[in-house]
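# Per-entry structural report
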Amino acid sequence: MLNRQLSLLALGLAAATPAVLSQKPGSFEDGGDTLVSAMMLLLGNDEKVYILDKSEGNPAQINGHPAMGAVYDIATRKAQVMDVTSNVFCASGMHLPNGSFITLGGNGAIGPGGNIGSVQAEGGGSGLFDETYQDYDGTRAIRILNPCTGDATGPACEWFDDANVLAMQKHRWYSTAEPLGDGSIAIIGGFTNGGYVNRNYPNLDPAYEGGAAEPTFEFFPSRGEAQVMQFIVDTSGLNAYPHTYTLPSGKLFLQANISSMIWDPDTNSENRLPNMPENIVRVYPASGAVAMLPLTPANNWTPTILFCGGSDMPDYAWGNYSWPYINTWEYPASAKCHRITPEPSDNSSADYEEDDPMLETRTMGQFIALPDGTMMVVNGGLNGTAGYSTQTLITTSYSDMPYGMSLASGPVGTPGIYDPRKPKGQRWSNTGLDASEIPRLYHSSALLLPDASVLIAGSNPNVDVNTSTIFPTTYKAEIFYPSYFSAKTRPTPQGVPKTISYGGDKFDITVPAASYSGAANDAADSAAVMLMRPGFTTHAMNMGQRSMQLNNTYTVNSDGSLTLHVAQAPPNSNIFQPGPALLFVTINGIPSNGTYVIVGNGQIGKQPTAAASTLPANVRLDSVKGTGEGGSSTSNTTSNNSSGASHTGPIIGAVVGAIALVGILAG
């Protein structure tokens, strides 16, 4: 079975030496050239970020055609093109339990100018291949990547992309992927064709839209025939990339249009929840910033989802597949935030609660969970929506479009920091944060890096490469340094494990005295161990992103070092699904570098669990201090980390060889 083919990773630990920070806190640095516009990002390991773009006329070439993929070396900030053969435009993606990644679906083959590929399906309407861009139809594709370290070249490090061998049952564009507690992937909804929103107008066929909509779900590996999800039918029009989160019960929370529900993937049963307040749309193309708040011992690892921004445009204004019916760039995005706890621990009814508004209106804002327990929102615009078009119902000529093809205006360059631990009215701040000068609108992306900085890239509200328009195709990346980079010293934990289990024996991490300054007891009290999963980022969302604090106690040692006694993950794989993560240690709100770890057994299937870890009591020691250079962070959150190396073993041949057994071929 496929489980037997997904081997655990061989992970190494780097020596822990005191790290001194030199970057300016709150600043952006040149991140180099991504070679392809970064519509999608994923962190493959502690060395490499992988980049995906739609099929378009990128100057960077590979095998005689424009590149759609690249691998970015974090240390050198240099990218190298990778071959991707099917059109990844607006696909979804997710990690697998062993650290591999898959991307799912995309668009048909496209040629220059966004025109349908030169080789079309019988009857036309969908591109099978384009002779100029040499891309294939990607709508059913399942692409698999084994992230590599080092030069990341060679067949074992490339994308496996052959829909004749491995494909979904249905054509999907703008679908959502979400990992389940056994490491399998739920694949939900999408378009089969179309453009701006997933509907005709008037909307007379909300289920299938005459063949352009796909209201079903399926799984990877396959569990049988794709089935209709009624929620996708009922949210017709505004259900692209539905926001989806696995809950501790194993059920999934979904939000699309203005509707919400809890869905049981085993029975396909739905429990509808209250609508989004004030009819604010948060899914694409309204593209609000949406993320799960950190899971901590203090909240008993109970998920709460935060929604910020998006748009309250009236229903008519969203138009149809072709374009919006108003000039969206004139319509302010929302600044409002709402949160919901879908499965309250007190068994009360789930409902939305208004939270502090953002510091500005924002569409296409993206939440990045930081290892100090805060959430950063970055990118986006003050007005309008995601997407691009040559016209609207009001502005019917492209020559009259004021921002080229962009349907948004007013790029927001300054990030915002949301701290869920602060009282209401005090949760948002951008004090001390610089503003980027690069507009980051449609097809922008952001991703947490192992050193706790954030990679920001992309922006391309254009049907094909256009570097001369007002909001051009962007290849320049940036690195943003959060406020905790003001610290003169950061923790250098030792003894970080390679894997994390669901329950079981504790493990110990040593934090040397040189990792902090001030009283040892205070440093120990502040210590937190964080598991951070950056996720698969596209379209202002990070599918699979999670932040979870592990339980810990401590012993203060006479030499000033701290021994952190750390619990394994809670014995419920639905809380933090199996797969790759970064483990950070924070002291006084300052994170270490992240160590790449695998959570779970590295296989798809029921995860082994044991009783929750038993931890010893804290042992304090007065008059002991750290020897690190003083300096305080402006953040007062906690996190964890340790630098390490990782390598994913090849699984492509195993996947292909296991197709007959696990039934993951379509048809």
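Residues numbered from 1 in each chain as written. Predicted model: local features only at pLDDT ≥ 70, side-chain atom pairs only at ≥ 80, totals over all residues. Heavy atoms only, no water.

Further remarks concern the overall build of the chain. Looking only at helices and strands, the chain has 5 helices and 49 strands in total. Every one of the 667 residues in the chain was classed for burial, and the buried ones make up 64%. Here the analysis covers contacts within the chain between residues at least 6 apart in sequence; of these, 70% occur between residues at least 24 apart. Split by element, the accessible area of the chain, about 21500 Å² in all, is 50% carbon and sulfur. (Helix = DSSP H or I, 4+ residues; strand = E, 2+ residues; numbered from the N terminus. Buried < 20%, exposed > 50% of the residue type's maximum accessible area, 1.4 Å probe, protein only. Contact = heavy atoms within 4.5 Å. Areas by Shrake-Rupley, 256 points an atom, 1.4 Å probe, with all protein chains shown as cover.)

So, on to the nonpolar core. Of all hydrophobic cores here, the largest spans 73 residues; its most connected members are Trp263, Leu531 and Leu583. If near-sequence neighbours (up to four positions away) are discounted, Trp263 is found in contact with Ala186, Ile188, Phe217, Phe219, Met229, Lys251, Leu252, Leu254, Asn268, Ser269 and Glu270. (Core = buried A, V, L, I, M, F, W, Y, C linked by side-chain atoms within 4.5 Å.)

For the rest of this paragraph, the subject is the sheet that holds strand S31 (residues 428-429). What the 4 strands build is an open sheet, ordered S26-S27-S30-S31; its pairing is antiparallel. Sheet topology places strand S26 (366-369) and S31 at the edges, where each strand pairs with a single neighbour. Pairing of S26 with strand S27 (residues 375-378), which is carried by 4 bridges, proceeds in the antiparallel orientation. Bridging from a neighbouring strand, Ala369 pairs with Met375 of S27. (Pairing = 2+ DSSP bridges.)

Let us now look at the environment of Asp372. Tracing the chain through its elements places Asp372 in the loop between S26 and S27. Sequence spacing of Asp372 and Pro294 is 78 residues, and the spatial spacing of their C-alpha atoms is 9.9 Å. At 2.6 Å, the side chain of Asp372 forms a polar contact with the side chain of Thr374. (Polar contact = N/O pair within 3.5 Å; in protein donor to acceptor, adjacent residues only side chain to side chain.)

Moving on, we come to the UniProt feature "domain: Galactose oxidase-like Early set" (unreviewed entry) in the chain. As annotated by UniProt and renumbered to match this structure, "domain: Galactose oxidase-like Early set" (unreviewed entry) occupies residues 490-598. The straight-line gap between the two end C-alpha atoms of residues 490-598 is 24 Å; of that span, 6% is helix and 48% is strand. (UniProt positions renumbered as here; feature names shortened; annotations may be inferred.)

With burial as the criterion, each face of strand S10 (residues 101-104) is covered, one bearing Phe101 and Thr103 and the other bearing Ile102 and Leu104. Where strand S9 (residues 92-95) lies against S10, 4 bridges are found, and the strand directions are antiparallel. Residue His95 lies in a different strand from S10, and its bridge partner there is Phe101. Connecting the antiparallel pair S9 and S10 is a turn made up of 5 residues, with Gly99 showing a positive phi of about 100°. Two elements, S10 and strand S13 (residues 142-145), share 4 bridges in a ladder whose sense is antiparallel. Within S13, the residue paired with Phe101 across the bridge is Leu145.

Another aspect to go through is the UniProt feature "domain: Glyoxal oxidase N-terminal" (unreviewed entry) in the chain. Taken from the UniProt record, the annotation "domain: Glyoxal oxidase N-terminal" (unreviewed entry) applies to residues 210-484. For the annotated span residues 210-484, helix accounts for 2% and strand for 33% of the residues, and the straight-line distance between the end C-alpha atoms is 52 Å.

This part takes up the environment of Val228. For Val228, the location among the structural elements is in strand S17 (residues 227-228). Classification of Val228 by relative accessible area gives partly exposed; the value is 36%. Considered as a pair, Val228 and Ala207 are 21 residues apart in the sequence and their alpha carbons are 8.9 Å apart. Beyond its immediate stretch of four places on either side in the chain, Val228 contacts Tyr208, Pro215, Thr216, Phe217, Val233 and Asn268.

Applying the stated criterion across every chain yields a total of 2 disulfides. The disulfide that involves Cys148 links it to Cys157, with 2.1 Å between the sulfurs. Handedness of the Cys148-Cys157 disulfide follows from its S-S torsion of about -95°: it is left-handed. Disulfide partner of Cys308: Cys337, at an S-S distance of 2.1 Å. Between Cys308 and Cys337 the sulfur-sulfur dihedral comes to about 115°; the bridge is accordingly right-handed. (Disulfide = S-S within 2.5 Å.)

With respect to burial, strand S20 (residues 259-264) is a largely interior element, 6 of its 6 residues being buried. What you see with S20 is no split at all: Ser259, Met261 and Trp263 on one side and Ser260, Ile262 and Asp264 on the other are buried throughout. Judged from the 5 bridges that link them, strand S19 (residues 252-256) and S20 form a sheet pairing that is antiparallel. By the bridge assignment, Gln255 is partnered in S20 with Ser260. With antiparallel pairing between neighbouring strands as the criterion, S19 and S20 make up a hairpin whose turn holds 2 residues, including Asn257 at a positive phi of roughly 50°. The pairing of S20 with strand S21 (residues 269-273) spans 5 bridges and is classified as antiparallel.

A few words on unusual backbone geometry. For the bond running from Tyr201 to Pro202, omega is 0°, close enough to zero to count as cis. Considering the arrangement of structural elements, one finds Pro202 in the loop between strand S15 (185-188) and strand S16 (216-220). With an omega of 5°, the peptide bond between Tyr284 and Pro285 qualifies as cis. Along the chain, the position of Pro285 falls in the loop between S21 and strand S22 (289-292). Even without being glycine, Asn347 reaches a positive phi, approximately 65°.

A few words now on the side chain of Gln568. Along the chain, the position of Gln568 falls in the loop between strand S43 (562-566) and strand S44 (579-587). Here Gln568 falls in the buried class, since its relative accessible area comes to 13%. Only 2.9 Å separates the side chain of Gln568 from the backbone nitrogen of Ser501, close enough to count as a polar contact. Here the side chain of Gln568 touches Asp505 through a polar contact of 2.9 Å, landing on its backbone oxygen. If near-sequence neighbours (up to four positions away) are discounted, Gln568 is found in contact with Ile500, Ser501, Gly503, Gly504, Asp505, Phe507, Leu550 and Ser613.

This next bit is on the packing of aromatic side chains. Per the stated rule, a full pass over the model turns up 24 aromatic pairs. Ring plane angle 65° and centroid distance 6.3 Å describe the contact between Phe253 and Phe307, whose orientation is recorded as edge-to-face. Placement of the pair is Phe253 in strand S19 and Phe307 in strand S23 (residues 305-308), with a sequence separation of 54 residues. Accessibility assignment for this pair places Phe253 and Phe307 in one class, buried. Pairwise contacts between aromatic rings join Phe89, Trp173, Tyr174, Phe191, Tyr241, Tyr284, Tyr321, Tyr388 and Tyr442 into one cluster. Cation over ring: Lys54 sits above Phe89, and NZ or CZ is 5.9 Å from the ring centre. A cation over a ring is seen here: Arg223 above Phe219, with NZ or CZ 4.2 Å from the ring centre. (Phe/Tyr/Trp six-rings, centres within 6.5 Å; stacked < 30°, edge-to-face > 60°. Lys NZ or Arg CZ within 6 Å of the ring centre and 35° of its normal.)

What the 4 strands build is an open sheet, ordered S14-S15-S16-S17; its pairing is antiparallel. Only two strands of the sheet have a single neighbouring strand rather than two, namely strand S14 (176-179) and S17. As paired elements, S14 and S15 share 4 bridges and run antiparallel to each other. Bridge pairing in S15 links Pro179 to Ile185.

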